[in-house]
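Report on the structure
Here's the letter readout for the chains.
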Amino acid sequence: MDNKVLIFSAPSGSGKSTIVNHILGVYPDSMEFSVSATSRPPRGEEVHGREYYFMSPEEFRKLIDEDKFVEFEEVYEGRFYGTLKSECERIWAAGHVIIFDVDVKGGVNLKKYFGKAALSIFIQAPSVEVLRDRLIKRGTDSPEAIEERVAKAGEEMAYAPQFDYVLVNDDLSTAFAESEKVVEDFLDDGRLNYSTFI
Ligand code: ADP
Ligand code: 5GP
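Quick notes on the rules
- Per-chain numbering applies: the sequence of each chain, read as written, is numbered from 1 onward.
- A letter from A marks each chain and a number from 1 marks each ligand, given out in the order of writing.
- Totals for whole chains, interfaces and linings use all residues, but because this is a predicted model, local features are given only for residues with pLDDT of at least 70 and pairs of side-chain atoms are given and counted only at 80 or more.
- Side-chain measures here rest on the full set of heavy atoms in the structure, leaving out hydrogens and waters.
- The definition of a nonpolar core used throughout is a set of buried Ala, Val, Leu, Ile, Met, Phe, Trp, Tyr and Cys residues joined through side-chain atoms within 4.5 Å.
- Think of it in three bands: residues with accessible area under 20% of the maximum for their type are buried, residues over 50% are exposed, and the middle band is partly exposed, with areas taken using a 1.4 Å probe on protein chains only.
- Think of it this way: any DSSP run of H or I at least four residues long counts as a helix, any run of E at least two long counts as a strand, and we number them from the N terminus.
- If even one non-hydrogen atom of a residue comes within 4 Å of a molecule or strand, that residue is called near it.
- The term polar contact refers here to a pair of N or O atoms within 3.5 Å; inside protein, the definition further demands a hydrogen-donor-capable atom paired with an acceptor-capable atom, and it admits residues adjacent in sequence only when both atoms are side-chain atoms.
- Surface accessibility in these figures is a Shrake-Rupley result with a 1.4 Å probe; residues are shielded only by whichever protein chains are displayed.
- Charged residues are taken to be Asp, Glu, Lys and Arg, nonpolar residues to be Ala, Val, Leu, Ile, Met, Phe, Trp, Tyr, Cys and Pro, and polar residues to be all remaining types, Gly included.
- To estimate the expected span of a helix, count its residues, drop one, and scale the result by 1.5 Å.
- Strand pairing is assigned whenever DSSP detects at least two bridges linking the two strands.
- Angles here are taken between N-to-C directions and fall from 0 to 180 degrees, while the axes themselves are lines fitted to C-alpha atoms, restricted in helices to the stretch in contact.
- Whether two residues are in contact is decided by their heavy atoms: any pair within 4.5 Å suffices.
- The predictor's confidence in any single residue is recorded as pLDDT, a number from 0 to 100.
- When a carboxyl oxygen of Asp or Glu is within 4 Å of a side-chain nitrogen of Lys or Arg, the pair counts as a salt bridge.

**Details of the nonpolar core**
Ranked by size, the top nonpolar core spans 22 residues in total, and within it Leu6, Phe8, Ile23, Met31, Ile99, Ile121 and Val183 carry the most contacts. At the level of secondary structure, the elements contributing two or more residues to this core comprise β1 (5-9), α1 (16-26), β7 (97-102), β8 (118-124), β9 (165-168) and α7 (172-194). Ranked by the residues each element gives to this core, the list is headed by α7, at 6 residues.

Next comes the structure, spelled out in structure tokens:
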């Protein structure tokens, strides 16, 4: 199963992290989450090196100049997020499948970069109202940040057709089962069904 990658992208609040964590729990010994670098500050219980490699915007820009990223995006103003080449090398060296949780543009770029080795999945909430409601209930963002994320969701939805698979996350146990099936098919060489053969 080595040298394969799973890419999960979605508008914030769709349930991407919930589904990614579920898949990681199904494959605890053969998959590893790619820890991104970010210039945003830690939130809640987040730990450096576990959720993200946290750094200042200056440190982030230095790594851009040194060509250390597979891809990076300024997802929100002044807030950079990026996939480090060193992180991919580390996970593949361990013989593990890489699992990415990135924004929609990052997801499209990673799919182009990894081609047939990648399965890209777009997670979609049933509606914008449900998405806002989930962000409010999650309780990790200010009301302003929630509105910023919801406003961005509309334009992010337009990227869905560029993904190998679109998964609507309505009932959570149904979404878990669907994600397991799609991933299992891909790892069993189901990529022949899903890949767009870039
Ligand atoms: P994302 O990573 O896409 O921003 P999260 O995984 O953090 O989203 O999910 C946003 C919130 O919605 C979390 O509080 C999560 O527990 C909840 N959630 C996720 N999926 C569902 C679902 N199918 N039904 C109800 N709540 C959900
Ligand atoms: P959050 O601040 O909620 O952790 O993440 C905001 C957004 O940035 C999410 O959509 C998340 O998937 C995305 N993101 C996290 N890491 C990366 C990355 O390495 N590259 C890109 N392009 N987006 C990322």
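**Comments concerning the site of ligand 2**
The environment of ligand 2 is made up of 17 residues, and the closest members are Ser36, Arg40, Tyr52, Tyr81 and Asp103. Note that a nitrogen atom of ligand 2 is positioned 2.7 Å from one of the side-chain N or O atoms of Glu71. Considered on its own, ligand 2 offers 510 Å² of accessible surface; in the complex 95% of this is hidden by protein. Residue assignment for the shell around ligand 2 shows that the elements contributing at least two residues are β5 (69-76), β6 (79-84) and β7. It is β5 that contributes the most residues to the shell around ligand 2, 4 residues altogether. Across the shell around ligand 2, the residue classes tally to 5 nonpolar, 4 polar and 8 charged.

**Some points on the environment of Gly115**
Tracing the chain through its elements places Gly115 in the loop between α4 (104-114) and β8. In sequence terms Gly115 and Val5 are 110 residues apart; their C-alpha atoms lie 9.6 Å from each other.

**As for helix α6 (residues 143-157)**
Compared with the 21 Å implied by 1.5 Å per residue over 15 residues, the 21 Å span of α6 between its first and last C-alpha is a close match. Three or more residues of α6 are buried, namely Ala145, Ile146, Arg149, Val150, Lys152, Ala153 and Glu156.

**With respect to the sheet that holds β5**
Spatially, 4 strands are ordered β4-β3-β6-β5 in an open sheet, and the strand pairing comes out mixed. Only two strands of the sheet have a single partner each, and these edge strands are β4 (52-54) and β5. Along the sheet, successive strands turn relative to each other by an average axial angle of 25 degrees, direction set aside. The pairing of strand β3 (residues 36-38) with β4 spans 3 bridges and is classified as parallel. Each residue of the ladder has a partner; that of Ser36, found in β4, is Tyr52. Set on the sheet, helix α3 (residues 85-93) makes contact with β4, β5 and β6; between it and β6 the angle comes to about 35 degrees.

**Regarding the site of ligand 1**
By nearness alone, 13 residues border ligand 1, and Gly13, Ser17, Thr18, Arg138 and Asn169 come closest of all. At 2.8 Å from a nitrogen atom of ligand 1 is found a side-chain nitrogen or oxygen belonging to Asn169. When ligand 1 is considered free in solution it has 560 Å² of accessible area, and contact with the protein chains removes 75% of it. Those elements that place two or more of their residues in the shell around ligand 1 are α1 and α5 (128-138). For the shell around ligand 1, the element with the highest residue contribution is α1, accounting for 3 residues. Here the shell around ligand 1 is built from residues that sort into 2 nonpolar, 7 polar and 4 charged.

**As for the confidence of the model for the protein chain**
Parts of the model with low pLDDT should not have their predicted coordinates read in detail. Averaged over every residue, the pLDDT of the protein chain is 92; residues scoring 70 or more account for 94%. The model gives residues 190-198 a pLDDT under 50, and that stretch makes 20 contacts with residues more than four places away or in other chains.

**Things to note about the pattern of salt bridges**
The full count for this structure, using the stated rule, is 15 salt bridges. For Glu66, the salt bridge identified is with Lys62, shortest N-O distance 3.0 Å. Here the salt bridges do not stand alone but share partners, grouping Arg43, Arg138, Asp141 and Arg149 into one network.

**Examining the sheet that holds β1**
Taken together, 5 strands build an open sheet; the order of strands is β2-β7-β1-β8-β9 and the sheet is parallel. Edge positions in the sheet fall to β2 (31-33) and β9, since each of these pairs with one other strand and no more. Across the sheet, the mean angle from the axis of one strand to that of its neighbour is 25 degrees, orientation sign disregarded. Across 5 bridges, the pairing between β1 and β7 is parallel.

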